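Observations on the three-dimensional arrangement
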Amino acid sequence: MASSEEKAIADYSGLTIKEVQDLPMSLFLLYRRDAWIRNNMKTKEGQEFLKALWRLNQTEPDLEAVHRFKTERGGAD
């Protein structure tokens with residue numbers, strides 16, 4: 001019996017369930033990630049969730065946004 005992850009990967013990749021089950025682990029994980037992203041992109045809530053995840057993973061400050069914020073608030077550089 002196929003798991004929901006295997007089904008999502010098969011739908012995303014066009015592979016059969018058997019082919020998905022035979023994938024090397026690295027490809028399985030890559031397809032799983034991509035299928036998960038594609039499924040989240042289908043809804044507004046999913047898109048907002050992905051944007052939040054992207055934002056939370058950023059490690060460098062957005063200096064242009066900081067500058068715009070300061071300018072709009074009347075603060076000095």
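Since this is a predicted model, take the numbers as computed values, not measurements. (Residues numbered from 1 in each chain as written. Predicted model: local features only at pLDDT ≥ 70, side-chain atom pairs only at ≥ 80, totals over all residues. Heavy atoms only, no water.)

On average, residues of the protein carry a pLDDT of 92, and 96% of them reach 70 or more. Across the protein, the secondary-structure element scoring lowest on mean pLDDT is helix α5 (residues 63-73), at 90, and the one scoring highest is helix α3 (residues 25-40), at 97. (pLDDT = per-residue confidence, 0-100. Helix = DSSP H or I, 4+ residues; strand = E, 2+ residues; numbered from the N terminus.)

Before going further, it helps to spend a moment on helix α1 (residues 4-13). Every buried residue belonging to α1 is among E6, I9 and A10, and all of these are buried. Down the axis of α1, the buried set is contained in an arc of 100°. They therefore lie on one face. Residues of α1 that are buried in the fold lie against α2 (17-21) and α3. Directly after α1, the chain includes G14, whose backbone phi takes a positive value near 85°. (Buried < 20%, exposed > 50% of the residue type's maximum accessible area, 1.4 Å probe, protein only. Arc of directions from axis to C-beta. Contact = heavy atoms within 4.5 Å.)

Let's shift gears to the nonpolar core. Counting five residues, the largest nonpolar core is built from I9, A10, V20, L23 and F28. Those residues within four positions of F28 in sequence are excluded, and the remaining contacts are E5, E6, I9, V20 and L23. (Core = buried A, V, L, I, M, F, W, Y, C linked by side-chain atoms within 4.5 Å.)

Here the focus is a nonpolar patch on the surface. On the surface, W36, F49 and L53 cluster together into a nonpolar patch covering about 270 Å² of accessible area. One can find F49 in helix α4 (residues 44-56). (Patch = residues over 30% accessible without salt bridge, like charges linked within 9 Å, V, L, I, M, F, W, Y side chains within 5 Å. Areas by Shrake-Rupley, 256 points an atom, 1.4 Å probe, with all protein chains shown as cover. Salt bridge = Lys/Arg side-chain N within 4 Å of Asp/Glu carboxyl O.)

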